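Residues per chain, in single letters:
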Amino acid sequence: MSQKYILALDQGTTSSRSVIVDQKGEIIGIEQQEFPQIFPKSGWVEHDPFAILESQLSTLKKVIQKTNINSADIVGLGITNQRETTVVWDKNTGKPIYNAIVWQDKRTADICENLKKNGLENHIRQTTGLVVDPYFSGTKIHWILENVPNARAASAEGNLLFGTIDSWLLWNLTDKKIHATDYSNASRTMLFDIKKLCWDEKLLTALNIPISMLPAVKPSSFHFGDFILDGHTIPIAGIAGDQQAALFGQACFKKGEAKNTYGTGCFLLMNTGTELQFSKNGLLTTIAWGINGKVYYALEGSIFVAGAAIQWLRDGLKIINSAEESELFAKEVEGENPVIVVPAFAGLGAPYWDMYARGAIFGLTLDTGKNHLIKATLQSLAYQTKDLLIAMQHDAESPLTSLKVDGGACANNLLMQFQADILDAVVERPKNTETTVMGAAYLAGICVGLWKQEDIETDKKLGKTFIPTISSEKRERLYKRWLKAVERSKDWID
Ligand code: ADP
């Protein structure tokens, strides 16, 4: 019997990747290609939707070639994608009417202010689980319809389609037949009612978006349509936004299970089960995924500056040559580190929400050297994660027993050990840290019957586990000092 494979696409903010996963859940091939970032004005970020599509297709073809597998043996295709990024295209020509407006783009801040002025903030919170912010797709669609010549008329005639990147890829991969998305992506548009699981008419009216533009919303593990490759039919069977896919890829299937991705920023998501939980602490409520007739929810919090602080040590202060080196220097600090770095370079996010805060260093003495500073910067990632997790546990009313980790900076053992120590929870780093793309592969593989969800849970291969070692007295003392430092960095600029 021939081997069976899943093809998983990871369409990220700076690059597109394609991965082949074998029946055992091992990645046997990976191809990656960057594409240009377009910055037309300060605060504006765009991508060319065709550059996205071409980079994705080119890596897809390359990875099949390189692994030398037969496309007939690919039994399913999964997609994970940068979330919220917005494409509007003409359904007759297949051409986008404007570049993709990327999640980072801030041009719709005024539209958000108007939504608030019109008293929609609470409605948005209750219906979509989100805060009013340019980050999400809704105001980006509105901007395109208002600013692209003839867009309004074309949308009124039903000629335009909107999609997040998953929808754009799906529509193209299915030869322009299927216009759909999954619950996790829909929940990031600021237009989707995450309780009733439908587009919200009140918000569509407020933003003047015709419902005819919007994709059908389906479960994340679902047969969306077919991709024909070399005459073979490959079912597109899984779709999820990147952070939700990582939560799935980490097998955080149970209520209370959480994962933290340590990249440039940190994204912390906790599965809250089939019950929707709203945050009292400035976190987002979002759909984790839809599978087997059920929808699962998550609480989400993000840290703006995480790995970026390590980049600052390297590129700004030039006291390390590489991110990896941070661990070597930090290890040189013996005993307790008296220094605290609060990396509030762009203000403080959840749970503090103080945009006037700025970065600060505390506890300097004549003995302070660069190693203290490096260690304190690494430790700040762990402290910020603890802040978010405390907020999350209050909201979810469930204690955390373990934290699953991924992302570039989770390679740092000193950081992971300190994370376990300061949380008083076990930190689990999987052997395969490609959790995002694995999430998409799993969703597709489950749908086509290659794997069962239970098998994924038990099969999950742990790389390394970090167990808390410090006393609760020490933990409390350290964390109290961090909180004191955060207080003092607040409200700095006028
Ligand atoms: P992104 O997807 O946001 O680009 P990655 O997951 O690729 O991020 O992680 C890159 C980030 O992780 C960088 O900010 C880098 O400084 C940090 N990083 C990478 N390796 C280490 C390490 N060994 N120790 C600390 N930070 C690291």
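Above this text sits the structure in question.
Since this is a predicted model, take the numbers as computed values, not measurements.

Novice: Can you help me understand the state of the cysteines in this one?
Specialist: When the sulfur atoms of two cysteines share a covalent bond, that bond is a disulfide. Using the criterion set out here, one finds zero disulfides in the structure. Lacking any disulfide linkage, C266 is separated from the closest cysteine sulfur, that of C410, by 10 Å. The exposure class of C266 is buried, given its relative accessible area of 0%. Using a relative accessible area of 2% as the deciding quantity, one classes C410 as buried.

Novice: I'm lost on the sheet that holds strand β5 (residues 74-81) in this one. Help?
Specialist: Sheets are built from strands paired through backbone hydrogen bonds, the pairs being either parallel or antiparallel. Strands sit in the order β3-β2-β1-β5-β14-β13 across an open sheet of six strands; the sheet is mixed. Unpaired on one side and paired on the other, β3 (27-34) and β13 (221-229) mark the two borders of the sheet. Taken over all neighbouring pairs, the strand axes of this sheet differ in orientation by 25° on average, direction set aside. Where helix α1 (residues 49-67) meets the sheet, its contacts fall on β1 (5-11), β2 (15-22), β3, β5 and β13, and the angle it forms with β2 comes to roughly 30°. Against the sheet, helix α9 (residues 242-249) contacts β5 and β14 (232-241), and its axis sits at roughly 100° relative to β14.

Novice: Explain the pairing of strand β18 (residues 294-303) to me, please; I cannot follow it from the model alone.
Specialist: Consecutive side chains of a regular strand alternate in pointing toward one face of the sheet and then the other. For β18, the buried fraction is high: eight of the 10 residues fall into the buried class. Relative to β18, strand β16 (residues 266-273) runs antiparallel, the two sharing seven bridges. Directly across from N271, in β18, lies its bridge partner A298. Bridging between strand β17 (residues 284-291) and β18 involves seven bridges; their strand directions are antiparallel. When the sheet's bridge partners are listed, W289 is paired in β18 with Y296. The hairpin formed by β17 and β18 contains two residues between the paired strands, and N292 there has a positive phi angle of roughly 50°.

Novice: What's the story with the environment of A308 in this structure? I'm lost.
Specialist: Counting through the fold element by element, A308 comes out in helix α10 (residues 307-316). The exposure class of A308 is partly exposed, given its relative accessible area of 22%. Through-space distance from the C-alpha of A308 to that of G265 is 6.6 Å; in sequence the pair is 43 residues apart. Sequence-distant contacts of A308, that is, excluding residues within four places in its chain, are made with G263 and T264.

Novice: Explanation requested: helix α13 (residues 413-423) in the structure shown.
Specialist: Because each turn of an α-helix spans 3.6 residues, side chains separated by three or four positions end up pointing in the same direction. Among the 11 residues that make up α13, nine are buried, leaving the element largely enclosed by the rest of the structure. Buried within α13 we find L414, L415, M416, F418, Q419, A420, D421, I422 and L423. Downstream of α13 by one or two residues, D424 has phi in the positive range, about 60°.

Novice: For this particular structure, what's the right way to read the sheet that holds strand β15 (residues 258-262)?
Specialist: Sheet architecture is open: seven strands sit in the order β17-β18-β16-β15-β21-β22-β23, paired in mixed fashion. Each end of this open sheet is capped by a strand with a single partner; those strands are β17 and β23 (462-466). This sheet shows a mean twist of 25° between the axes of neighbouring strands, independent of strand direction.

Novice: What is the right way to read the pattern of salt bridges from this model?
Specialist: Should their charged atoms come close, side chains of opposite charge can pair. As enumerated under the stated definition, the model contains 21 salt bridges in all. A salt bridge links R17 to E434, with the shortest nitrogen-to-oxygen separation between them at 2.5 Å. Of this pair, R17 sits in strand β2 while E434 sits in the loop between β22 (426-430) and α14 (435-447), and the two are 417 residues apart along the sequence. According to the relative accessible area criterion, R17 is buried, its value standing at 13%. Of the charged contacts in the structure, one is a salt bridge between E46 and R107, with a shortest N-O distance of 2.8 Å. Here the residue E46 occupies a position in strand β4 (residues 46-47), and R107 occupies one in the loop between β7 (100-101) and α2 (109-117), the gap between them amounting to 61 residues. The exposure classification of E46 matches that of R107, with both residues buried. Among the charged side chains, a network of salt bridges with common partners joins R83, E84, R188, D242 and E300.

Rules and cut-offs
- Residues numbered from 1 in each chain as written.
- Predicted model: local features only at pLDDT ≥ 70, side-chain atom pairs only at ≥ 80, totals over all residues.
- Heavy atoms only, no water.
- Disulfide = S-S within 2.5 Å.
- Buried < 20%, exposed > 50% of the residue type's maximum accessible area, 1.4 Å probe, protein only.
- Pairing = 2+ DSSP bridges.
- Helix = DSSP H or I, 4+ residues; strand = E, 2+ residues; numbered from the N terminus.
- Axes fitted to C-alpha atoms, helices over the stretch in contact; angles between N-to-C directions.
- Contact = heavy atoms within 4.5 Å.
- Salt bridge = Lys/Arg side-chain N within 4 Å of Asp/Glu carboxyl O.

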